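Below are the chains, spelled out letter by letter.
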Amino acid sequence: MNPEQKDTDCIFCKIVNGEVPTELLYQDEDVVVFRDINPLTPVHLLVVTRKHIPSLAHMSDEDTALVGKMTRVANQVAKEQGIADSGYRVTINSGADSGQIVPHLHMHLMGGRHLRWGH
Ligand code: AMP
């Protein structure tokens, strides 16, 4: 990951800005939700901030409400996807050891099958 990556080079900025056409399952002034291009579970969505924040480790105090909103939107979309009752997982990878590959803050929303606890 290169945290210095410019917004203009960021694939998620391009999706958020509409430069890369992508079906949005949810959108508002702060976040968008779209399907992960390489789904690991039957439902695998990404809750992505419109603001370019390279990772959770880069969030500032002013982003606290935004990060909370990501969780609320994940809950709402999980209901819409029909996985709220069966259960789901939200994950934010931050930094190299987590396996983060896209340096733009996003939350994975995964479900639709039983998930084992990984390592
Ligand atoms: P990570 O940075 O490891 O938390 O995960 C980034 C996720 O973004 C991966 O699961 C990728 O499959 C996904 N991804 C990368 N590019 C795109 C894209 N253009 N559209 C949708 N998902 C993407």
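None of the values given here were measured: they were computed from a predicted structure.

## As for the side chain of T49
Here T49 is to be found in strand β3 (residues 43-49). Once you skip the residues sitting within four places of it in the chain, T49 turns out to touch V16, D30, V31, L66, M70, H104 and L105.

## Observations regarding the environment of G68
Tracing the backbone shows G68 in helix α2 (residues 64-80). For the pair G68 and H44, spaced 24 residues apart in sequence, the C-alpha to C-alpha distance is 20 Å.

## Comments concerning the pattern of salt bridges
A full pass over the atoms with the stated rule returns 6 salt bridges. A salt bridge links E23 to R35, with the nearest nitrogen and oxygen atoms 2.9 Å apart. Taken together, the residues E23 in the loop between α1 (11-16) and β1 (26-27) and R35 in strand β2 (residues 31-35) connect sequence positions 12 residues apart. Residue classification places E23 among the exposed residues on the basis of a relative accessible area of 54%. Exposure remark for R35: the relative accessible area of 46% places this residue in the partly exposed category.

## Description of α2
Compared with an ideal rise of 1.5 Å per residue, which puts 17 residues at 24 Å, α2 spans 25 Å between its outermost C-alpha atoms and is within 8% of the ideal. Within α2, the full set of buried residues consists of L66, V67, K69, M70, V73, A74, V77 and A78. Looking at the buried side of α2, the elements it contacts are β1, β2, β3, β4 (88-91) and β5 (106-111).

## Description of the site of the ligand
Every one of the 16 residues lining the ligand counts as a neighbour, but D36, I101, V102, H106 and H108 are closest to it. Within the contact set of the ligand, an oxygen atom lies 3.0 Å away from a side-chain nitrogen or oxygen of N93. Elements with a minimum of two residues in the shell around the ligand: α1, β2 and β5. It is α1 that provides the largest number of residues to the shell around the ligand, a total of 3 residues. In terms of residue class, the shell around the ligand is built from 8 nonpolar, 6 polar and 2 charged.

## Details of the nonpolar core
Within the largest apolar cluster, 18 residues are counted, with the highest numbers of intra-cluster contacts made by V31, V33, V47, V73 and V77. For this core, the elements supplying multiple residues, two or more each, are β2, β3, α2 and β5. For this core, the leading source of residues is α2, giving 7 residues. The residues touching V33, leaving out its near neighbours within four places in the chain, are E23, L24, L25, Y26, L45, L46, V47, V73 and V77. Residues C13, V16, V32 and F34 belong to the second largest nonpolar core, which totals 10 residues.

Reading guide: rules and limits
Residues numbered from 1 in each chain as written. Predicted model: local features only at pLDDT ≥ 70, side-chain atom pairs only at ≥ 80, totals over all residues. Heavy atoms only, no water. Helix = DSSP H or I, 4+ residues; strand = E, 2+ residues; numbered from the N terminus. Contact = heavy atoms within 4.5 Å. Salt bridge = Lys/Arg side-chain N within 4 Å of Asp/Glu carboxyl O. Buried < 20%, exposed > 50% of the residue type's maximum accessible area, 1.4 Å probe, protein only. Expected span 1.5 Å × (residues − 1). Near = heavy atom within 4 Å. Polar contact = N/O pair within 3.5 Å; in protein donor to acceptor, adjacent residues only side chain to side chain. Nonpolar A, V, L, I, M, F, W, Y, C, P; charged D, E, K, R; others polar. Core = buried A, V, L, I, M, F, W, Y, C linked by side-chain atoms within 4.5 Å.

Functional significance is not addressed by these values, which are geometric in nature.
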